[in-house]
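Residue-level structural notes
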Amino acid sequence: MSSASNAPQGPAARQAAMAEQVLADGSATAAELAERFGVSLMTIHRDLDELERQGIVRKFRGGVTAQPSGVFESNVQYRLKTMRAEKAAVAGHALGLIEPGMAIMLDDSTSTLEIARRLRLGEVTPLTVVTNFLEAINLLADQRGIHLMALGGDYDPLHSSFLGVSCVEAIQALRVDVCFASTSAVHGGYAYHQEQHIVSVKRAMLDSAARTVLLIDHTKLARAALHRVAPLSRFDLLLIDDGAPADALRDLDEHKVRYEVCVTGGRMIRPESRDRPVTHG
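Sequence order as written defines the numbering, with residues in each chain counted from 1. Only residues with pLDDT of 70 or above have their local features reported here, since the model is predicted, and side-chain atom pairs are shown and tallied only from 80 upward, although totals for entire chains, interfaces and linings are computed over all residues. Side-chain measures were taken over the full set of non-hydrogen atoms in the model, leaving aside hydrogen atoms and water.

**Section: the overall build of the chain**
- Within the chain, the secondary structure is distributed over 11 helices and 16 strands.
- Categorising residues by exposure relies on relative accessible area from a 1.4 Å probe, with only protein chains included: less than 20% of the type maximum marks a residue as buried, more than 50% marks it as exposed, and the intermediate range marks it as partly exposed. Burial statistics for the chain: of 281 residues in total, 52% are counted as buried.
- Working rule for contacts: check all heavy atoms of both residues, and any pair within 4.5 Å makes them a contact. Put simply, 61% of the contacts in the chain that link residues at least 6 apart link residues at least 24 apart.
- Working note: accessible area of the chain is about 12900 Å², and carbon and sulfur atoms make up 50% of it. Helical segments are the DSSP runs of H or I of at least four residues, strand segments are the runs of E of at least two, and each set is numbered from the N terminus. In these tables, accessible area is a Shrake-Rupley quantity obtained with a 1.4 Å probe, and a residue counts as shielded only by the protein chains included in the view.

What follows is the structure in structure tokens.
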């Protein structure tokens, strides 16, 4: 257990570190957390109240436990910490699909946020970027060469994004060259998401684009989610990292999904042709 001298200072940093520990360990007692972070039990309970409000943890008498996966995986602070290398590999290839002069749309996924991080380097300009994700808006707000269009709507702090009917209507008034999106799960030839109010926004985004690209890390292949977003055939291309098991890729082949496998930290591969990028499907 880390000493208090090494603990993050300030409520926001402390709560983020606390959430990371609880999500990693599954549970913790308030006394353990007070010792770990060098603060009083009263302060710990205030922090845990806030994390519970955000949907990351669930309090019980004397401690806290991680929420069931469908709940805390929705939380943007949790998603920002997971599968970073895999998301970076997929986003790196997605960047190659973007050309100067394009109008692109990014959904509120942390996979597409990795695209926004790369766009900050200014290598692909001029560019119009449309998004409802506050994290991406903050990243690109001062970027020269990028015309940023922020989609309004009802702000959802759990996802750090703008949603609702007004967001859908704003999307429907636009037409972009490419929409980059991600979902919670992929199974049986369909993309799924666990929250219904997010599904309507993602569907509107797909309808607003001339070309659609789905970005997923391999853990999405093993998850379940409640609401069907769209058949995988609705996407022009699916990008996935090289952690995907062979049987999952065979399933994509059986459903005639056009996909590319992105090597973590590297290039694209295909088992029968490892020397050049090849599209499946």
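**Remarks on the nonpolar core**
- Core analysis: the biggest nonpolar cluster contains 36 residues, and Ile171, Leu214, Leu232, Leu238 and Ile240 have the highest contact counts within it.
- For this core, the leading source of residues is helix H10 (residues 196-207), giving six residues.
- Among residues more than four places away in sequence, those in contact with leucine 214 are Ala181, Ser182, Thr183, Val186, Ala191, Leu232, Phe235, Leu237, Leu238 and Leu239.
- We call a set of buried residues a nonpolar core when its members are Ala, Val, Leu, Ile, Met, Phe, Trp, Tyr or Cys and they connect through side-chain atoms within 4.5 Å of each other. Membership of the second largest hydrophobic core comes to 29 residues, among which are Val90, Met102, Leu113 and Val124.

**Considering helix H2 (residues 30-37)**
- Of all the positions in H2, only Ala30, Leu33, Ala34, Arg36 and Phe37 are classed as buried. The arc enclosing the buried residues of H2, seen along the axis, measures out at 165°, which places them on a common side. Projecting away from the buried face of H2 at angles above 90 degrees are the exposed residues Ala31 and Glu35.
- Just downstream of H2 lies glycine 38, where phi reads positive at about 65°. Here the arc refers to the set of directions running from the helix axis out to each C-beta atom.

**Points about the confidence of the model for the chain**
- Per-residue confidence from the predictor is reported as pLDDT, which spans 0 to 100. Across the chain, pLDDT averages 85, with 83% of residues at or above 70.
- Segment residues 269-278 is flagged for pLDDT under 50; beyond a separation of four residues in sequence, or across chains, it makes 15 contacts in the model.

**Comments concerning the pairing of strand S5 (residues 127-131)**
- Burial analysis of S5 places five of its five residues in the buried class, the great majority of the element.
- What you see with S5 is no split at all: Leu127, Val129 and Thr131 on one side and Thr128 and Val130 on the other are buried throughout.
- As judged from the four bridges shared by strand S4 (residues 103-106) and S5, these two strands associate in the parallel manner. Within S5, the position partnered with methionine 105 by the bridge is valine 130.
- At least two DSSP bridges between two strands are needed for those strands to be called paired. Bridge analysis of S5 against strand S6 (residues 146-150) gives five bridges, and the strand direction is parallel. Within S6, the residue paired with valine 130 across the bridge is methionine 149.
- Handedness of the β-α-β unit built from S5, helix H8 (residues 134-140) and S6 comes out right-handed. We call a crossover right-handed when, viewed with both strands directed away from the observer, the connection leading from the first strand over the helix to the second proceeds clockwise.

**Some points on the sheet that holds strand S10 (residues 185-187)**
- Read from one edge of the open sheet, three strands run S10-S11-S13, paired in antiparallel fashion. Because the sheet does not close on itself, it has two edges, and the strands there are S10 and strand S13 (227-231). Taking each pair of neighbouring strands and ignoring which way they run, the sheet shows an average axis angle of 35°.
- Bridge count between S10 and strand S11 (residues 190-193): three bridges; the pairing is antiparallel. Bridged to alanine 185 within S11 is tyrosine 192.
- This element, H10, spans S11 and S13 of the sheet and lies at about 15° to S13. Working convention: axes come from line fits to C-alpha atoms, limited for helices to the stretch in contact. Angles between N-to-C directions cover 0 to 180 degrees.

**Things to note about the environment of valine 130**
- In this structure, valine 130 sits in strand S5.
- Here the alpha-carbon distance between valine 130 and leucine 106, two residues 24 residues apart in the chain, equals 6.3 Å.
- Sequence-distant contacts of valine 130, that is, excluding residues within four places in its chain, are made with Ile104, Met105, Leu106, Met149, Leu151, Leu174 and Val176.

**Some thoughts on the packing of aromatic side chains**
- Working definition: a ring pair exists when centres of Phe, Tyr or Trp rings (six-membered ring for Trp) sit within 6.5 Å. Plane angles under 30 degrees give stacked, over 60 give edge-to-face, the rest tilted. What the rule picks out here adds up to two aromatic pairs.
- When the centroid spacing of 5.2 Å and the interplanar angle of 55° are considered together, the rings of tyrosine 155 and phenylalanine 162 count as tilted.
- Above the plane of the ring of tyrosine 190 lies arginine 228, whose end atom (NZ or CZ) is 3.6 Å from the centre. Criterion for a charge above a ring: Arg CZ or Lys NZ at most 6 Å from the ring centre, at most 35 degrees from the ring normal.

**Brief notes about the packing of helix H9 (residues 165-172) against H10**
- Here H9 crosses H10 at 5°, and the two axes come no closer than 9 Å. Compared by their axis directions, H9 and H10 come out roughly parallel. On the side of H9, the interface is formed by Cys167, Val168 and Ile171, while H10 contributes Ser200, Val201, Ala204 and Met205.
- For the contact of H9 with H10, a count of residues per class yields six nonpolar, one polar and no charged. Should an angle fall under 35 degrees it is called roughly parallel, over 145 degrees roughly antiparallel, and 65 to 115 degrees roughly perpendicular, with every other angle called oblique. Each residue is assigned to one class: nonpolar for Ala, Val, Leu, Ile, Met, Phe, Trp, Tyr, Cys and Pro, charged for Asp, Glu, Lys and Arg, and polar for all the others, Gly among them.

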